Amino acid sequence: MQRALTAIQPTNILHIGNLFGALLPIVEAQRDSQTFLFVVDYHAITVPQDPKKLNQAILFATACYLAAGVDPKKTIIFQQSLVPGHTELAWILSCLAHMGELERMTQYKDKAKKQTEGVSVGLFTYPVLMAADILLYDTNLVPVGEDQKQHVELARDLADRFNKKFGKTFVLPEPIMRKVGARIMGLDDPSKKMSKSAESPRNYISLMDPPDVIRKKIMSAMTDSNAIIEHDRRRPGVANLVTIMSLVTDDSYATIKARYEGKGYGDFKKDLAEAIVIYLQPLQAKINGFLQHPDALKDILEDGAKRARELAEKKMAQVRQNIGVAL
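If you're wondering where the values come from, they're calculated on a predicted model, not measured in any experiment. (Residues numbered from 1 in each chain as written. Predicted model: local features only at pLDDT ≥ 70, side-chain atom pairs only at ≥ 80, totals over all residues. Heavy atoms only, no water.)

(A) Summary view of the overall build of the chain. In terms of regular secondary structure, the chain is built from 13 helices and five strands. Overall, the C-alpha framework of the chain stretches about 75 × 45 × 40 Å when taken along its three principal axes. Here the chain holds 327 residues, and the buried ones make up 50% of them. A separation threshold of at least 6 residues defines the contact pool for the chain, and within that pool the share at least 24 residues apart is 75%. (Helix = DSSP H or I, 4+ residues; strand = E, 2+ residues; numbered from the N terminus. Buried < 20%, exposed > 50% of the residue type's maximum accessible area, 1.4 Å probe, protein only. Contact = heavy atoms within 4.5 Å.)

Right, here's the structure in full:
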């Protein structure tokens, strides 16, 4: 059975891009793959975090996983910091990674520009830890958004480099992206990905946004002067909204275009906002329900970490043997 793995940083603002780009693909993958989904809390601290808020965000992310349909009986759900193999393997891989490779990582460049204080070494080496996350479990498939594909390619390069130097050890992972929804763009700037770290909350639709907030964000979303409602990549603002409409209604692009022929953005945006509200309401209710039982969420994370540690330790024993440190 193939293994599929994905992870999301803990934050109290997960958005529809996270849902469609990462969570729902792992729900689909758990039907016929051994799946792993974890909270990457060590990735989160590459930028400043409030410890209390981070602690709460770990449980919130777990609640979102479960509400989206991730089944802890089918998927190993855990907290990254509870499995020491992640950081141990990251150090070993960092001794094989090249500075130039990490300097080319686009996410590092983007995040580094936003930081007003000194950029941490952790932010720079973040892709190596991500590579360790993937390779530690002999992962075959990694559901990712388009912006993370570069990181999976680095994991492949490091795995191949290690295998050639120390013998066959790691599986080379493959990135998989949804045909629709792999990259949801910002509502205020459709040239950039929807991001929970965006300067303006108008950029994203949070999974927990109330109806009035969703309506306001959609009505102010950037479009263009051409009133035709269609999915045309040359018109990124409209294309992004049509993509979201397709995701929350399961309607095709052609169906949506035909429905709004002769109508303007006003009608389309109102309908889109209501469709998102209807789509998110049951999810929000489930998230709130899970958050009422924090001890149960902690138990799920600990149980998942126990299962993950067993697999990780087997791999790390092989790695230590192959590099010559195991006596």
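(B) Representation of unusual backbone geometry within the structure. The phi dihedral of Asp138 is positive, around 50 degrees, even though this residue is not glycine. What makes Asp138 partly exposed here is its relative accessible area of 23%.

(C) Looking closely at the packing of aromatic side chains. Using the criterion set out here, one finds seven aromatic pairs in the structure. Following the ring pairs from residue to residue traces out a cluster consisting of Phe36, Phe38, Phe78 and Tyr137. (Phe/Tyr/Trp six-rings, centres within 6.5 Å; stacked < 30°, edge-to-face > 60°.)

(D) Fine view of the pairing of strand E3 (residues 75-79). For E3, a buried count of five out of five residues is recorded, marking the element as mostly surrounded by other parts of the structure. Burial along E3 is two-sided: Thr75, Ile77 and Gln79 and Ile76 and Phe78, pointing in opposite directions, are all buried.

(E) Structural view of the pairing of strand E2 (residues 34-39). Most of E2 is tucked away: five of the six residues are buried. The sheet contact formed by strand E1 (residues 3-8) and E2 spans six bridges and is parallel. Bridged to Arg3 within E2 is Gln34. You can see the chain leave E1, run along helix H1 (residues 16-29) and come back into E2, and the turn it takes is right-handed. (Pairing = 2+ DSSP bridges. Right-handed = clockwise from strand over helix to strand, strands pointing away.)

(F) Examining the side chain of His15 more closely. The topology assignment puts His15 in the loop between E1 and H1. Those residues in contact with His15, other than ones at most four positions away along the chain, are Met194, Ser195, Lys196, Tyr204, Ile205, Ser206 and Leu207.

(G) Expanded view of helix H8 (residues 149-166). End to end, H8 covers 26 Å across 18 residues, agreeing with the expected 26 Å (1.5 Å per residue, within 8%). Those residues of H8 that sit buried are His151, Val152, Leu154, Ala155, Leu158, Ala159, Phe162 and Asn163. Projection of H8 onto a plane perpendicular to its axis shows the buried side chains occupying an angular sector of 170 degrees, all on one side. Set apart from the buried face of H8 by more than 90 degrees, the exposed residues are Lys164 and Lys165. (Expected span 1.5 Å × (residues − 1). Arc of directions from axis to C-beta.)

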